[in-house]
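Chain by chain, the residues:
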Amino acid sequence: MVTAMKKTIFKGSCTAIITPMNHDLSVNYDCFGTLIEEQIEKGTSAIVVCGTTGEASTLTDDEHIECIRYAAEKAKGRVPIIAGTGSNDYSYMLELSIAAEKAGADALLLMTPYYNKTSQRGLIAAFTGIADAVKIPIMLYNIPGRTCVNIELKTFTELAKHPNIVAVKEAGGDINYLAQIIDACGESLDVYSGDDAMTTSAMSLGAKGVVSVLGNISPTVMADICGLCINNDFIAAGKLQIKYLKLCLDLLKLDVNPVPVKEAMNIIGKNVGGCRMPLYKMDEAALSELKKSLKYVNLI
């Protein structure tokens, strides 16, 4: 087991924030600022900017960096701003990571390369190269369902030796694998659930918190669930999580993230606009199911 202790980026609920759009699908920075303030006021412990939920894949380079800069300036150090800078092109990932650090990001979120994939040796080389090039901490992002690349345990233990690689957002959907990562890496790699529905289970096993989609809609709820877990009240946390379970699942299964969460935010009056194509608005049947879930938890 790797045992070197590192500084924790955050404990609790981190919202993977959406990128709000104007009617013409340009970035709505005024709305973005309002959402960031709401997150901080309602107890969110950190914010991921330009992640999958933030539609990073459809943002231009200038928009990507400006969203990071804007969020860092708005947060003013009150919560960490974690910038999504992963790519399947190492040179681009390196350039974007360096630019994000200069723009004021407190940490980076690096997903595994997608489409061209890579070997485990390639993962180690790429992530190590980025970690050597920046001074801010790095959170790895393991989401094989989207990238078709899984970070293996031996790769985690090797990467955890780097002083700048401090955490992982584990979104493989397997609670047993999450536990294995915690066991293998110890205090050298903080583990966060990448799935809202697994938050209580993950934190009961030692995860430090969650990187949340639901936090866009109900930041207080996610902060409360994590707070209860931190205080070892897993029964109360579990009851609260179960209340919101259908909504958590619907946000991921009714359509491709972040389409459902943006639809939900618009329904409850946050007016965040739509998604850029090829992401597209939900059909009526899915929208009806989403409204039922929102009604169940008294959001409409």
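Criteria and thresholds
- Along each chain, residue indices are assigned from 1 in the same order as the chain's sequence is written.
- It should be noted that, the model being predicted, local features are given only for residues of pLDDT at least 70 and side-chain atom pairs only at 80 or more, the latter also being counted only at that level, while totals for whole chains, interfaces and linings use all residues.
- The side-chain quantities take in all heavy atoms of the structure and omit both hydrogens and water.
- The nonpolar core is taken to be a set of buried Ala, Val, Leu, Ile, Met, Phe, Trp, Tyr and Cys residues, with the residues joined through side-chain atoms within 4.5 Å.
- Burial classes follow relative accessibility: with a 1.4 Å probe on protein chains only, a residue under 20% of its type's maximum area counts as buried, one over 50% as exposed, and anything between as partly exposed.
- Starting at the N terminus, helices and strands are each numbered in turn, a helix being any DSSP run of H or I of at least four residues and a strand any DSSP run of E of at least two.
- Only heavy atoms matter for contacts: two residues are in contact if any of them lie within 4.5 Å across the pair.
- Between any two strands, pairing holds if DSSP finds at least two bridges.
- Whether a crossover is right-handed comes down to one check: with the strands pointing away from the viewer, does the path from the first strand over the helix to the second run clockwise; if it does, it is right-handed.

Asks: How should I be thinking about the nonpolar core in this particular structure?
Replies: Within soluble globular proteins, side chains that are nonpolar tend to cluster in buried spots. Counting 82 residues, the largest nonpolar core has Val 49, Ile 138, Leu 140, Phe 156 and Leu 251 as its most contacted members. Per-element accounting of this core gives the leading share, six residues, to helix H7 (residues 175–185). When residues no more than four places from it in sequence are discounted, the contact partners of Ile 138 are Leu 108, Leu 110, Ile 130, Ala 131, Asn 164, Ile 165, Val 166 and Ala 167. Formed by 18 residues, the second largest nonpolar core is a distinct cluster that contains Ile 82, Met 111, Met 139 and Val 211.

Asks: I'm lost on the pairing of strand E2 (residues 46–49) in this one. Help?
Replies: Moving residue by residue along a regular strand, the side chains alternate between the two faces of the sheet. Residue alternation in E2 divides its side chains into two sets, Ala 46 and Val 48 and Ile 47 and Val 49, and both sets are buried. Here strand E1 (residues 12–16) pairs with E2 via three bridges, running parallel. Residue pairing for E2: Cys 14 is matched across the bridge by Ala 46. Handedness of the E1-helix H1 (residues 29–41)-E2 crossover: right-handed. In this structure, E2 lies alongside strand E3 (residues 81–84), joined through three bridges in parallel fashion. Directly across from Val 48, in E3, lies its bridge partner Ile 82. Handedness of the crossover joining E2 and E3 through helix H2 (residues 61–75): right-handed.

Asks: How should the side chain of Asn 28 be read in this particular structure?
Replies: Structurally, Asn 28 is set in the loop between E1 and H1. The residues touching Asn 28, leaving out its near neighbours within four places in the chain, are Pro 20, Met 21 and Asn 22.

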